[in-house]
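Each chain is listed here by its residues.
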Amino acid sequence: MLKMINKVQNYDWGSKTALTQLYSVPNPEHLPMAELWMGAHPKASSYVIDNKTGHKLSLIDYIAQNPSQILGNKIAETFKSRLPFLFKVLCAARPLSVQVHPNKVYAEVGFAKENAAGIPLDSPIRNYKDDNHKPELIYALTPFKAMNAFRPLEEIAELLDFVSAAHPEIQFFVQSPNDEKLAKLFAQILSLTGEQKELALGVLKAALNSRQGEPWNTIKQMVSLYPEDTGLFVPLLLNVIELQPGEAMFLYARTPHAYIEGVGLEIMANSDNVLRAGLTNKHIDVPELIANVDFISKTKESLLSEPEKSGNICKYHIPVEDFAFSIYSINDTGIGITNETASILFCIDGELVLKSGDDELKICSGESIFLSAFEKEVYVTGVGKLARVYNL
């Protein structure tokens, strides 16, 4: 068991106070602290601390010493000796960009194509930062608002009816909505320029004066930040979901989504690939984006991830092999964790003591531990809540 030192990402949409209030993370420069990364991504690898010597080593280098022993043979072989997941505490004070993540095939092709074109990894016009897909789960620590997946078609048509004068493509969709028209509509809205864009946004903003509730409240929240962004139409197309603490939602590859506000635990495949669709000043490649979107409607209820409960353990169904996720509620009786692959354990709240063989570590809320695959049994005592990311 190794305690972790994790890096904070200071993206401009992050909260300046949430990580400090929840987990006492210092912020002397009063910067937006958007994400606390726990994992072995090359961009911001965690460090692990040797319990006996106090020596610290990047998690990437620690795993590289013996991937099969640390990750487990199966995971090391399947994921090319890399930790296959990235675990974050995400703190959104304002909306993130509307975005889509590619599936594995598109990520591999796109990454190779941009490499061959000589586009630097840190280029602002780069679409693919690595060759991996990026399915995600968000677990709410506070009330958490997000957009995820296209609404049912009739629901989209009903909402768009209020702004149908904004563009002929909107009128065409409203008359007889289907998936093909939705794809054309989405591409058209994102591509608006000049007078067409000005007219469309004018109609939308005028409609806000007489509309209450969702998704209009979300658009009002965004309009002061991105008044000239056609991404303001997106809440009419996507489900607006408000998770309560302890609720979770899975976000599939090729599905448009955006986090709006709140604090949550985010677990994803070990990737930083993002294709943006709006509410951003960053690069938007509309043709590449549309090629990476599945125009599939889903109900709001179908997007929530209900855990399988067994005693004090909540295990979430994850439809990809990159990661698994469980929550453990610990009381004075303690709980045992059987471990077969590399795990990251994060203390959501309370004070806990973890024992593995002769090793014993105490962690408090906001602290995390890396558990290697060779540590087969861990016993946890104390009072608190523990999140675990691992593989099956």
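Whatever comes next refers back to the structure up there.
How each quantity is defined
Residues numbered from 1 in each chain as written. Predicted model: local features only at pLDDT ≥ 70, side-chain atom pairs only at ≥ 80, totals over all residues. Heavy atoms only, no water. Helix = DSSP H or I, 4+ residues; strand = E, 2+ residues; numbered from the N terminus. Rg over C-alpha atoms; globule rule 2.2 N^0.38 Å. Buried < 20%, exposed > 50% of the residue type's maximum accessible area, 1.4 Å probe, protein only. Contact = heavy atoms within 4.5 Å. Areas by Shrake-Rupley, 256 points an atom, 1.4 Å probe, with all protein chains shown as cover. Lys, Arg positive; Asp, Glu negative; His and termini not counted. Charge placed at Lys NZ, Arg CZ, Asp CG, Glu CD. Pairing = 2+ DSSP bridges. Arc of directions from axis to C-beta. Salt bridge = Lys/Arg side-chain N within 4 Å of Asp/Glu carboxyl O. Patch = residues over 30% accessible without salt bridge, like charges linked within 9 Å, V, L, I, M, F, W, Y side chains within 5 Å. Expected span 1.5 Å × (residues − 1). Polar contact = N/O pair within 3.5 Å; in protein donor to acceptor, adjacent residues only side chain to side chain. Phe/Tyr/Trp six-rings, centres within 6.5 Å; stacked < 30°, edge-to-face > 60°.

Student: When you look at the overall build of the protein in this model, what are you seeing that I'm missing?
Tutor: What the protein contains, in helices and strands, is 12 helices and 21 strands. Its C-alpha atoms give the protein a radius of gyration of 22 Å, within 12% of the compact-globule value 21 Å for 392 residues. Referenced to the eigenvectors of the C-alpha coordinate spread, the extents of the protein come out at roughly 70 × 50 × 40 Å. A buried classification covers 54% of the 392 residues belonging to the protein. Long-range pairs, those at least 24 residues apart, make up 75% of the contacts in the protein with a sequence separation of at least 6. Surface accessibility of the protein: about 16800 Å² in total, with carbon and sulfur atoms responsible for 51%. In the protein, 36 side chains carry a positive charge and 47 a negative one; their mean positions are 2 Å apart.

Student: Teacher, can you tell me more about the pairing of strand S3 (residues 35–39) here?
Tutor: Both faces of the sheet carry side chains from a regular strand, because those side chains alternate between them. By the criterion of burial, S3 is predominantly enclosed, with five of the five residues buried. Sheet topology places strand S2 (residues 7–9) next to S3; three bridges connect them, and they run antiparallel. By the bridge assignment, Val8 is partnered in S3 with Leu36.

Student: Is there a simple way to explain helix H6 (residues 153–160) in this structure?
Tutor: Residues three or four positions apart in an α-helix share a direction because the helix packs 3.6 residues into each turn. Buried residues of H6: Leu153, Ile156, Ala157, Leu159 and Leu160, and no others. Down the axis of H6, the smallest arc covering the buried residues is 165°, so these residues share one side. For H6, the exposed residues set more than 90 degrees away from the buried face come down to Glu154 and Glu158. For H6, the secondary structure elements touched by its buried residues are helix H7 (168–175), helix H8 (179–190), helix H10 (216–223) and helix H11 (234–237).

Student: Just to check I follow, could you spell out the pattern of salt bridges for this structure?
Tutor: One pass over the full model with this rule turns up 15 salt bridges. Linking Lys88 and Glu35 is a salt bridge whose minimum nitrogen-to-oxygen distance equals 3.1 Å. Linking Lys88 in strand S6 (residues 85–92) with Glu35 in strand S3, this pair joins segments that are 53 residues apart in sequence. Taking relative accessible area as the criterion, Lys88 reaches 2% and is therefore assigned buried. With a shortest N-O distance of 3.5 Å, Lys362 and Glu351 are connected by a salt bridge.

Student: How should the pairing of strand S11 (residues 248–251) be read in this particular structure?
Tutor: The side-chain alternation of S11 yields two buried faces, one formed by Ala248 and Phe250 and the other by Met249 and Leu251. The sheet contact formed by strand S8 (residues 136–140) and S11 spans four bridges and is antiparallel. Residue pairing in the sheet places Ile138 in a bridge with Met249 of S11.

Student: What is the right way to look at a nonpolar patch on the surface in this model?
Tutor: A cluster of nonpolar side chains, namely Val105, Tyr106 and Val109, defines an oily patch on the protein surface of about 280 Å² accessible area. A relative accessible area of 55% means that Val105 is categorised as exposed.

Student: Please explain H8 as it appears in this structure.
Tutor: For H8, spanning 12 residues, the distance from its first C-alpha to its last is 17 Å, which sits close to the expected 16 Å at 1.5 Å a residue. Within H8, the full set of buried residues consists of Lys181, Leu182, Leu185, Phe186, Ile189 and Leu190. Angular distribution of buried residues about the axis of H8 spans 160°; they occupy a single face of the element. Looking at the buried positions of H8, the neighbouring elements they touch are strand S9 (144–150), H6, H7, H11, strand S13 (275–278) and helix H12 (286–291). Where H8 begins, the side chain of Asn178 points an oxygen toward the backbone nitrogen of Glu180, at a separation of 3.2 Å.

Student: What should I look at first to understand the packing of aromatic side chains in this one?
Tutor: Note on aromatic pairs: each is described by the distance of the centres and the angle between the planes. Under the counting rule described, the total for this entry stands at 13 aromatic pairs. Judged by centre distance (5.3 Å) and plane angle (85°), the rings of Tyr23 and Phe346 are edge-to-face. Here the residue Tyr23 occupies a position in helix H1 (residues 18–23), and Phe346 occupies one in strand S18 (residues 343–356), the gap between them amounting to 323 residues. As far as the burial class goes, Tyr23 and Phe346 line up, both buried. Within the aromatic cluster, the residues linked to one another by ring pairs are Tyr23, Phe87 and Phe346.

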